[in-house]
Amino acid sequence: MPAVPHDEWLRRAKAFQLSGGHHIDGAEEAGAGAAFPVVSPRDGRVLAEVADGGAAEVDAAVAAARRAFDSGPWPRLAPAERGRALLRLADLLEERREELALAVSLEMGKPISDAYGIELRAVIGTFRWYGQLADKLTDESPHTAPDALALVTREPAGVVGAVVPWNFPLTLAGWKVAPALAAGCTVVLKPSENSPLSALLLGRLATEAGIPHGVLNVVTGDGPTAGRALGLHPDVDVLAFTGSTAVGRHFLRYAADSNLKRVWLELGGKSPNIVLPDAPDLDKAAATAAWGIFFNQGEMCTAPSRLLVHSSIAERVTEAVVRRARELKVGDPLDPETEMGALVGRAHLDRVVGHIRHGLDEGAQLRTGGDRVLAETGGTYLEPTVFDRVDPGSRLAREEIFGPVLSVLAFDDLDEAVRQANATEYGLAAGLWTSDLSTAHRVSRALKAGTVWVNCYEEGDLTVPFGGMKQSGNGRDKSAHALEKYTELKTTWIQL
């Protein structure tokens, strides 16, 4: 984190300006539609007026991406050359890191220390990793009879539509854009209408880095118009989406109603975090549980929103989490000392508060939090909230809240813990705290989740895949496996 004080971030925020046109075919395009305001959850201020894209703008962006794929140089470049372009983009992201972090913090309420130190570190690292990987992939030549030669090649799939949410606007865009570009595809990126500014900067920096026109396009607009148009477009070959399970269903329907494009979904979660009495460090387990649910204001699909604790240690662990929740500094995202910023907007704040009220109606015990704070700022801030004695069948325990709300559930034996952990339609992530190696292996296998963290949470790097099971989606982001989403396998059989 650079040594930029609060008052300097405030000065930069006051001077922040960004034109809000789409980025299509290497240039800014106003589009034919009206503009919509991007409102900062920090204080309710309008940051910019951004072009509201629809079918016409999506058509233009897809046409540019199609030309760049069918006739342009990008898919035909040597993989090493594509890799160098991605590395140049990573360098530009590093050079503009403070500006990009400010945009992210202003548009979605993330603390500036997290925007700079975590979000930007992740997206820069993603483009560097795939830039370095681009020329290290190999095809296959299976053994055949002596009179034939078989080749199995991976070819770029074509035009990729990428639709990403607001909670990690650059990281999640990078997880899709970087491997797609490394594979030789071209991309139309549709960011959330809540966080379009950082995505527009990403598109402009890609052009500045020398990535050919049309290879990365950014169309801004809402889901029912721009997102739907992208999902239905017959010239989009692959659609990659991160967001809610409800919207993921729409994209599957769009594919069925258009060209049967492949659809890759990373959806919601209601992740369990199981703490056993033999956890190697109960204080660390409790601190990590608190960090995991309150980091990024709880606006994370992997947030460990269900804390499953053995009844013999439940009160000790819960009290430690409650104590940490009360210590957290909720405040201005531009203050480097802030630990929890603002929720993304008023509608989302109201939705999270609605879940809290349902929890109270269902009889759960509110241990701390539950109220809106700092309303006088014009921002959308909420106290870190912890519920105890949560009924496993309640809405509080089963529905994704996507906010800083923790549900604590007690259990008496390990089989009960696994049953509770799996009693959800989601299967994105899970945590387990134990000192027993056999227990760690057995329970990790039993948990229906794409990622299981043992004695930690939210750890990992780009070498490992990320994605879910059940209604948390399909396919994987990160790692070399992400390239599978953006390539087609071709078999060539040569009779000698």
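Residues numbered from 1 in each chain as written. Predicted model: local features only at pLDDT ≥ 70, side-chain atom pairs only at ≥ 80, totals over all residues. Heavy atoms only, no water.

Looking at an unreviewed UniProt entry, one finds the chain named Aldehyde dehydrogenase and attributed to Streptomyces variegatus. Listed in UniProt under the heading Sequence similarities (unreviewed entry), the comment for the chain reads: "Belongs to the aldehyde dehydrogenase family." (UniProt positions renumbered as here; feature names shortened; annotations may be inferred.)

A.B. asks: Break down the overall build of the chain for me, with residues and values.
C.D. replies: Secondary structure assignment for the chain yields 15 helices and 22 strands. Relative to the compact-globule value of 23 Å for 496 residues, the chain shows a C-alpha radius of gyration of 23 Å, a close match. For the chain, the spread of C-alpha atoms along the three principal axes comes to 70 × 65 × 45 Å. Counting all 496 residues of the chain, 57% fall into the buried class. In the chain, the share of contacts with a sequence separation of at least 24, taken over all contacts with a separation of at least 6, comes to 74%. Surface summary for the chain: the accessible area is close to 19,300 Å², and the carbon and sulfur share equals 52%. (Helix = DSSP H or I, 4+ residues; strand = E, 2+ residues; numbered from the N terminus. Rg over C-alpha atoms; globule rule 2.2 N^0.38 Å. Buried < 20%, exposed > 50% of the residue type's maximum accessible area, 1.4 Å probe, protein only. Contact = heavy atoms within 4.5 Å. Areas by Shrake-Rupley, 256 points an atom, 1.4 Å probe, with all protein chains shown as cover.)

A.B. asks: Explain the domain arrangement of the chain to me, using residue names and the numbers behind them.
C.D. replies: Split into domains, the chain comes out as domain 1 (6-268) and domain 2 (272-454). With centres defined by C-alpha atoms, the gap from domain 1 to domain 2 works out at 30 Å. Taken together, the contact pairs 28 residues of domain 1 with 29 residues of domain 2. The contact between domain 1 and domain 2 buries some 2,200 Å² in all, and 60% of this surface belongs to carbon and sulfur atoms. Applying the counting rule to domain 1 against domain 2 returns one salt bridge. Scanning the region where domain 1 abuts domain 2 turns up 10 residue pairs in polar contact (both at pLDDT 80 or more). With five residues, the single largest contributor to the side of domain 1 that touches domain 2 is helix H4 (residues 97-108). (Domains from an automatic or database assignment. Buried area = accessible area lost by both parts, 1.4 Å probe. Salt bridge = Lys/Arg side-chain N within 4 Å of Asp/Glu carboxyl O. Polar contact = N/O pair within 3.5 Å; in protein donor to acceptor, adjacent residues only side chain to side chain.)

A.B. asks: Before we move on, can you summarise the UniProt feature "domain: Aldehyde dehydrogenase" (unreviewed entry) in the chain with the specific residues and values?
C.D. replies: The UniProt record annotates "domain: Aldehyde dehydrogenase" (unreviewed entry) at residues 34-491. This span, residues 34-491, is 40% helix and 19% strand, and a straight line between its end C-alpha atoms measures 47 Å.

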